[in-house]
Amino acid sequence: QVQLVESGGGLVQAGSSLRVSCAASGRTFSTYAMGWFRQAPGKELEFVAAISGSGIRTSYGDSVKGRFTISRDNAKNTMFLRMNSLKPEDTAVYYCAAAQRWMFPSINRSVYDGWGQGTQVTISS
């Protein structure tokens, strides 16, 4: 089972940028899709972005499209989420997830079978 560890969260002002990372264990990182989800207090888990195993295909949630960029470095078993023009409504715990049976990005949380512990991102107004 893959182990995922997020890092890079923190407190920043609205309009700022932040990059969160997700380090994965195992030797087959490039063979499966990865994704980012987030959960704000009192709200349901929300899809943020996903990326194919190769890194070529990506998918984004409507609320972050044009502001966030997902990427991965397969040589380092690491996925990234670059967040620009941050808004207070982006405040949430951000989780990385692995879809070990899928090669292509998916917005469906049910295909993800490995999850990190989450990293808090707080945007002040």
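To be clear, the structure that these remarks concern was listed above.
Residues numbered from 1 in each chain as written. Predicted model: local features only at pLDDT ≥ 70, side-chain atom pairs only at ≥ 80, totals over all residues. Heavy atoms only, no water.

## Let's talk about the packing of aromatic side chains
Here is step 1 of the chain: Under the criterion given, the structure shown has five aromatic pairs.
Here is step 2 of the chain: Between F37 and Y112 the ring centres are 5.2 Å apart and the planes differ by 80°, which places this aromatic pair in the edge-to-face class. Of this pair, F37 sits in strand β4 (residues 33–39) while Y112 sits in the loop between β9 (92–99) and β10 (114–115), and the two are 75 residues apart along the sequence. Residues F37 and Y112 agree in their burial class; the two are buried.
Here is step 3 of the chain: Through pairs of rings, three or more aromatic residues link up here, namely F37, F47, Y112 and W115.
Here is step 4 of the chain: Sitting over the ring of F29, R72 keeps its end group 4.3 Å from the ring centre. (Phe/Tyr/Trp six-rings, centres within 6.5 Å; stacked < 30°, edge-to-face > 60°. Helix = DSSP H or I, 4+ residues; strand = E, 2+ residues; numbered from the N terminus. Buried < 20%, exposed > 50% of the residue type's maximum accessible area, 1.4 Å probe, protein only. Lys NZ or Arg CZ within 6 Å of the ring centre and 35° of its normal.)

## Focus: the nonpolar core
Across soluble globular proteins, nonpolar side chains have a tendency to be buried as a group.
Here is step 1 of the chain: Among the nonpolar cores identified, the biggest contains 28 residues, and M34, W36, M79, L81, M83 and Y94 are the most heavily contacted of them.
Here is step 2 of the chain: Of all elements in the fold, only β3 (18–24), β4, β5 (46–51), β7 (68–73), β8 (78–83), β9 and β11 (119–124) reach the threshold of two or more residues within this core.
Here is step 3 of the chain: Among residues more than four places away in sequence, those in contact with M34 are L4, C22, F29, A49, A50, I51, I70, R72, M79, A97, A98 and Y112. (Core = buried A, V, L, I, M, F, W, Y, C linked by side-chain atoms within 4.5 Å. Contact = heavy atoms within 4.5 Å.)

## Points about the pattern of salt bridges
Here is step 1 of the chain: Within the structure shown, the criterion is met by five salt bridges.
Here is step 2 of the chain: Here E46 and R38 are joined by a salt bridge, their closest N and O atoms 2.8 Å apart.
Here is step 3 of the chain: The exposure class of E46 is partly exposed, given its relative accessible area of 31%.
Here is step 4 of the chain: The closest approach of N and O atoms between R101 and D113, which form a salt bridge, is 3.1 Å. Here R101, found in the loop between β9 and β10, pairs with D113, found in the loop between β9 and β10; they are twelve residues apart in sequence, far enough to count as distant.
Here is step 5 of the chain: According to the relative accessible area criterion, R101 is exposed, its value standing at 73%. (Salt bridge = Lys/Arg side-chain N within 4 Å of Asp/Glu carboxyl O.)

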